[in-house]
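Working through the structure, step by step
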Amino acid sequence: MFRQTYGQRASKHSNPAAKLLLDTMERKKSNLAVSVDVTKSKDFLAIVDAVGPFVCLIKALTHVDIIEDFEPLLIDELQALSSKHDFVIFEDRKFADIGNTVALQYSSGVHKIASWSHITNAHPVPGPSIITGLSSVGLPLGRGLLLLAEMSTKGSLATGSYTEDAVRMARAHRDFVIGFIAQRRMDGIGASENDSTEDEDFLVLTPGVGLDTKGDSMGQQYRTPREVVLESGCDVIIVGRGVYGKDYHLTDKIAEQAKRYREEGWAAYLERTTAL
Ligand code: S5P
């Protein structure tokens with residue numbers, strides 16, 4: 001799958017959210033996702049509108065509990081921007097509880113995530129029951145789930161056998177688990193001899209991407225789009241502060257940065273798919 005185009009891969013996926021994301025990437029020639037971690041709805045919508053033309057996906061309202069002035073209308077506005085700019089919505093909720101609880105968190109409450117977010121994610125720490133819980137809500141709606149198999153932070157515990165078990169859990173639920181938040185390609189990881197993995201195609205969405213710095217003061221670590229897409233075989237680069245920095249209000253500057261990351265990410269992808 002490493003060398004196949006996003007479009008070729010889209011046609012082989014049965015999960016509607018995976019198909020939608022791959023088709024959107026091909027159509028918009030973008031493997032850039034922007035993560036919008038700001039606290040005011042107004043800033044959130046202004047950034048989404050500015051980066052919308054350049055992204056395949058918005059990691060939003062990431063994380064919905066950050067927004068101080070949340071009102072259900074914000075979801076309608078996000079959906080309108082998703083239609084206007086043609087991007088997929090991923091709520092980075094990082095579910096991590098028992099199946100029954102996550103099913104309620106996903107379907108209900110103020111945010112009703114399953115009703116508007118094409119993709120969401122979960123920590124594999126509770127075991128396969130977290131997938132059972134989330135898929136009872138998300139699968140009938142055509143949603144997709146990513147498992148956090150690795151993290152970008154210094155000292156992450158999601159390594160080694162934890163990562164392998166996460167991939168095994170995904171392999172057993174391929175109708176709903178479409179891939180991972182991880183730092184490298186995961187196809188075939190943790191597979192036994194009896195597993196047939198040739199047609200395996202997990203999407204890998206990768207945070208911890210920055211062109212100008214190597215990290216922050218709280219353990220975040222950045223790699224370049226080239227390292228992530230070409231050297232590690234990941235599919236989507238997730239960029240937050242590298243795009244919007246501290247200048248929430250300078251939408252021209254934000255759009256320029258999004259364009260820059262999109263170009264870098266796409267060049268790395270083209271090199272990967274055309275290399276001999
Ligand atoms: O391992 C991870 C997983 C995630 S989802 N590392 C991460 O940084 N993230 C998220 O990606 C994080 O919660 C934040 O929303 C985004 C990275 O933001 P940036 O500003 O550091 O690019």
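The following refers to the structure shown.

Here is what the cut-offs are and how they apply
Residues numbered from 1 in each chain as written. Predicted model: local features only at pLDDT ≥ 70, side-chain atom pairs only at ≥ 80, totals over all residues. Heavy atoms only, no water. Near = heavy atom within 4 Å. Polar contact = N/O pair within 3.5 Å; in protein donor to acceptor, adjacent residues only side chain to side chain. Areas by Shrake-Rupley, 256 points an atom, 1.4 Å probe, with all protein chains shown as cover. 1 Å grid on protein atoms, 1.4 Å probe; cavity = no way out; pocket = protein on both sides within 12 Å on 5 of 7 lines; lining within 4 Å. Sits in = over half its atoms within 2 Å of the grid points. Nonpolar A, V, L, I, M, F, W, Y, C, P; charged D, E, K, R; others polar. Core = buried A, V, L, I, M, F, W, Y, C linked by side-chain atoms within 4.5 Å. Buried < 20%, exposed > 50% of the residue type's maximum accessible area, 1.4 Å probe, protein only. Helix = DSSP H or I, 4+ residues; strand = E, 2+ residues; numbered from the N terminus. Contact = heavy atoms within 4.5 Å. Axes fitted to C-alpha atoms, helices over the stretch in contact; angles between N-to-C directions. Parallel < 35°, antiparallel > 145°, perpendicular 65-115°, else oblique. Left-handed = near helix turned anticlockwise from the far one by under 90°.

Another aspect to go through is the site of the ligand. In the neighbourhood of the ligand, 16 residues make up the surrounding shell, with Asp 37, Ser 152, Gln 220, Tyr 222 and Arg 241 lying closest. Lys 59 is positioned with one of its side-chain polar atoms (N or O) 2.8 Å from an oxygen atom of the ligand. Gln 220 has a polar side-chain atom sitting 2.8 Å from an oxygen atom of the ligand. Its free accessible area being 490 Å², the ligand has 92% of it covered by the protein chains. Because more than half of its atoms lie within 2 Å of the grid, the ligand is assigned to the largest pocket. Of the residues belonging to the shell around the ligand, the class tally is six nonpolar, five polar and five charged.

Below, the discussion takes up the nonpolar core. Leu 21, Phe 44 and Leu 205 are the most contacted members of the largest nonpolar core, which has 86 residues in total. Counting residues per element, this core draws most heavily on helix 10 (residues 251-274), which supplies seven residues. Leaving out residues up to four positions away in the same chain, Leu 21 has contacts with Cys 56, Leu 57, Val 88, Ile 119, Leu 203, Leu 205 and Val 236.

Here helix 3 (residues 41-51) crosses helix 10 at 45°, and the two axes come no closer than 8 Å. When the axis of helix 3 is compared with that of helix 10, the two are oblique. In this structure, helix 3 meets helix 10 at a crossing whose hand is right-handed. Counting all contacts with helix 3, which are made through Ala 46, Ile 47, Ala 50 and Val 51, the residues of helix 10 involved are Thr 251, Ile 254, Ala 255 and Ala 258.

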